[in-house]
Amino acid sequence: MFGVLKALPRGSSRLPLSAKRGHNYYKGTGSGAMGRHTKKGGYKIDWNRVRTFVVPDLEGFSLGPYVSRKTTRPQTTQQ
């Protein structure tokens, strides 16, 4: 155990590196830019870079969102 601790540089820790730990470290969110900034301070969206999701046609599909068949309907109140 002492060999492991001795091998760590002085002042370092085993905690995960985040933006709050580490000098000048920016991790980001993993989302890419979908456009670019204009000279006048606006933002121009490049529609070729926008994420689109392909959803199959669910017309006549018998299943719904996962809800147990044992659940009771909530009581609605008129206000």
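Computed from a predicted structure; not experimentally measured.

Caption draft 1: Geometry of the overall build of the chain. Each helix and strand counted, the chain has one helix and two strands in total. N-terminal to C-terminal, the α/β element order of the chain is α-β-β. Across the 79 residues in the chain, those meeting the buried criterion constitute 1%. Counting only carbon and sulfur atoms, one obtains 56% of the accessible surface of the chain, whose full area is about 9100 Å².

Caption draft 2: Representation of a nonpolar patch on the surface. On the surface, Phe53, Val55, Leu58, Phe61 and Leu63 cluster together into a nonpolar patch covering about 620 Å² of accessible area. Note that valine 55 resides in the segment after β2 (43-45). The class for valine 55 is exposed, based on a relative accessible area of 60%.

Caption draft 3: Broad picture of the confidence of the model for the chain. Averaged over every residue, the pLDDT of the chain is 80; residues scoring 70 or more account for 84%. The lowest-confidence element of the chain is helix α1 (residues 2-7), averaging 56 in pLDDT; the highest-confidence one is β2, averaging 95.

Calculation criteria
Positions within a chain are numbered from 1, following the residues in the order the chain's sequence is written. A pLDDT threshold of at least 70 governs which residues receive local features in this predicted model, and a stricter bar of 80 or more applies before side-chain atom pairs are shown or counted, although totals over entire chains, interfaces and linings include all residues. Computation of side-chain values: all heavy atoms of the structure, hydrogens and water removed. Helix and strand labels come from DSSP, where a helix needs a run of H or I of at least four residues and a strand needs a run of E of at least two; each type is numbered from the N terminus. Each residue is placed in one exposure class: buried if its accessible area under a 1.4 Å probe, protein chains only, is under 20% of its type's maximum, exposed if it is over 50%, and partly exposed if it falls in between. Note on areas: Shrake-Rupley, 1.4 Å probe, and residue coverage restricted to the protein chains presented here. Nonpolar side chains (Val, Leu, Ile, Met, Phe, Trp, Tyr) within 5 Å and like charges within 9 Å form the patches, drawn only from residues with over 30% relative accessible area and no salt bridge. Throughout this description, the term salt bridge denotes a Lys or Arg side-chain nitrogen within 4 Å of a carboxyl oxygen of Asp or Glu. Confidence scores per residue from the predictor, reported as pLDDT, run from 0 to 100.

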